[in-house]
Amino acid sequence: MPRFLLGMAQMLVEGGEPEANLARAEGMIERAGVEGCAAAVLPEALDLGWTHPSARELAQPIPGPTSNRLADAAAERGCT
């Protein structure tokens, strides 16, 4: 059976700070790729946070700008 390495990303999610959160997520994806992971698992609601009031107004569809950005970062690093 081929080896499959999975990266589990634990990261700070700041409510209502999508740009900072996405930058951190991209860093986690980069690290997963460097370490040879085939896939990286990121926190749910990582862009805005579950409980921040902005989540209702700023939530993005999937696929959409946020999911595309994360998918592109993963593709650049050779992982999912």
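No experiment lies behind these values; they were computed from the predicted model shown.

Caption draft 1: Quick peek at the overall build of the protein chain. Secondary structure assignment for the protein chain yields three helices and two strands. The helix and strand sequence of the protein chain, counted from the amino end, reads β-α-β-α-α. Along the three orthogonal principal directions, the C-alpha set of the protein chain runs to about 45 × 25 × 20 Å. The proportion of buried residues among the 80 residues of the protein chain is 29%. Contacts in the protein chain between residues at least 24 apart in sequence constitute 70% of all its contacts with a sequence separation of at least 6. Accessible area of the protein chain: about 5500 Å², with a carbon and sulfur share of 56%. Across the protein chain, the mean location of the 6 positive side-chain charges is 6 Å away from that of the 11 negative side-chain charges.

Cut-offs applied
Residues numbered from 1 in each chain as written. Predicted model: local features only at pLDDT ≥ 70, side-chain atom pairs only at ≥ 80, totals over all residues. Heavy atoms only, no water. Helix = DSSP H or I, 4+ residues; strand = E, 2+ residues; numbered from the N terminus. Buried < 20%, exposed > 50% of the residue type's maximum accessible area, 1.4 Å probe, protein only. Contact = heavy atoms within 4.5 Å. Areas by Shrake-Rupley, 256 points an atom, 1.4 Å probe, with all protein chains shown as cover. Lys, Arg positive; Asp, Glu negative; His and termini not counted. Charge placed at Lys NZ, Arg CZ, Asp CG, Glu CD.

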